Amino acid sequence: VKVVESGGGLVQPGGSLRLSCATSGFTFSRYAMSWHRQAPGKERELVAAIISNGGSTNYADSVKGRFTISRDNTKNTVYLQMNSLKPEDTAVYYCNKVASQFPWGQGTQVTVSS
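Throughout, residues of each chain are indexed from 1 in the direction in which the sequence is written. For a predicted model such as this one, the threshold for reporting local features is a pLDDT of at least 70, and the threshold for listing and counting side-chain atom pairs is 80 or more; totals across whole chains, interfaces and linings nevertheless cover every residue. Side-chain numbers here rest on the full set of heavy atoms in the structure, without hydrogens or water.

Asks: Is there a simple way to explain the nonpolar core in this structure?
Replies: Among soluble globular proteins, nonpolar side chains are generally buried collectively. For this analysis, a nonpolar core means a set of buried residues of the types Ala, Val, Leu, Ile, Met, Phe, Trp, Tyr and Cys, connected via side-chain atoms within 4.5 Å. For the exposure calls, accessible area comes from a 1.4 Å probe over protein chains only, and a residue counts as buried if that area is under 20% of its type's maximum, exposed if over 50%, partly exposed in between. In this structure, Trp 35, Val 78, Leu 80, Met 82 and Tyr 93 are the most contacted members of the largest nonpolar core, which totals 28 residues. Comment: elements are numbered from the N terminus, with helices defined as DSSP H or I runs of at least four residues and strands as E runs of at least two. Only strand S3 (17-24), strand S4 (33-38), strand S5 (45-50), strand S7 (67-72), strand S8 (77-82), strand S9 (91-97) and strand S10 (108-112) provide two or more residues apiece to this core. Residues count as neighbours in contact if any of their non-hydrogen atoms are within 4.5 Å of one another. Once residues within four sequence positions are removed from consideration, Val 78 is found in contact with Leu 19, Ser 20, Cys 21, Phe 28, Met 33, Trp 35, Ile 50, Ile 69, Ser 70, Arg 71 and Cys 95.

Structure representation (structure tokens):
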């Protein structure tokens, strides 16, 4: 199983980033997927989730209206579009299955700062 997050970087407040999570080694289209984040000194938290066919999504209150999770089952990839970024969005972002999670990958660093 391989889960590789990418797309992070340094962005100014109010900016946007699109994260990608490329997967392999399991039947991606069968599973709900999620994005999580962990800020320094804080526990990992769920940011957004999407069901297997992409028909339903769920978001943490802190990102509702700003972040959009999506997936492409033909590419075994899940995305997180992040708009109107705030300094408090600074964290390492990870993706995983919603249930029966794999060991956490390296994640991708997102830093929101002027």
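Asks: Explanation requested: the sheet that holds S4 in the structure shown.
Replies: Strand pairing in a sheet relies on backbone hydrogen bonds. The paired strands run either parallel or antiparallel. In spatial order, the strands read S2-S10-S9-S4-S5-S6; together these 6 strands make up an open sheet with mixed pairing. The strands lining the two open edges of the sheet, one partner per strand, are strand S2 (9-11) and strand S6 (57-59). Within the sheet, the average angular offset between the axes of one strand and its neighbour, ignoring direction, is 25°. Should DSSP find at least two bridges between two strands, the strands are taken to pair. In this structure, S5 lies alongside S6, joined through 3 bridges in antiparallel fashion. Directly across from Ala 48, in S6, lies its bridge partner Tyr 59. Each axis is a line fitted through C-alpha atoms, and for a helix only the stretch in contact is used; angles between axes span 0 to 180 degrees, taken between their N-to-C directions.

Asks: Would you mind going over the pairing of S10 with me for this structure?
Replies: Successive side chains on a regular strand alternate, one facing one side of the sheet and the next facing the other. In S10, alternate side chains face the same way, and those of Thr 108, Val 110 and Val 112 are buried while those of Gln 109 and Thr 111 on the opposite face are not. One ladder, built from 3 bridges, connects S2 with S10; its direction is parallel. Bridge pairing in S10 places Leu 10 opposite Thr 111.

Asks: Could you clarify how one ought to interpret the sheet that holds S7 in this entry?
Replies: Read from one edge of the open sheet, 4 strands run S1-S3-S8-S7, paired in antiparallel fashion. Only two strands of the sheet have a single partner each, and these edge strands are strand S1 (2-6) and S7. Neighbouring strand axes in the sheet, compared pairwise and without regard to direction, differ in orientation by 15° on average. When S3 meets S8, the two strands line up antiparallel, connected through 6 bridges.

Asks: How should I be thinking about the environment of Leu 80 in this particular structure?
Replies: With respect to the helices, strands and loops of the structure, Leu 80 is situated in strand S8. Classification of Leu 80 by relative accessible area gives buried; the value is 0%. Separated by 10 residues in sequence, Leu 80 and Ser 70 have C-alpha atoms that sit 6.5 Å apart.

Asks: Where do I start with unusual backbone geometry in this structure?
Replies: A negative phi holds for most residues other than glycine; trans holds for most peptide bonds. Residue Ser 84 is not a glycine yet carries a positive backbone phi of 50°. Structurally, the position occupied by Ser 84 is in the loop between S8 and S9. The backbone of Ser 100 shows a phi angle near 45°, a positive value even though the residue is not glycine.

Asks: How do you make sense of the pattern of salt bridges when you look at a structure like this?
Replies: What counts as a salt bridge is simple: a side-chain nitrogen of Lys or Arg found within 4 Å of a carboxyl oxygen of Asp or Glu. The tally for this structure, following the rule as stated, stands at 4 salt bridges. Across the pair Glu 45 and Arg 37 runs a salt bridge whose closest N-O atoms are separated by 2.7 Å. For Glu 45, a relative accessible area of 35% corresponds to the partly exposed category. Taking the shortest distance from any N to any O, the salt bridge between Asp 89 and Arg 66 comes out at 2.7 Å. Of the two residues, Asp 89 sits in the loop between S8 and S9 while Arg 66 sits in the loop between S6 and S7, which places them 23 residues apart along the sequence. Arg 66 matches Asp 89 in its accessibility class, with the two residues each being buried. Linked by salt bridges that have partners in common, Arg 37, Glu 45, Arg 66 and Asp 89 make up one network.

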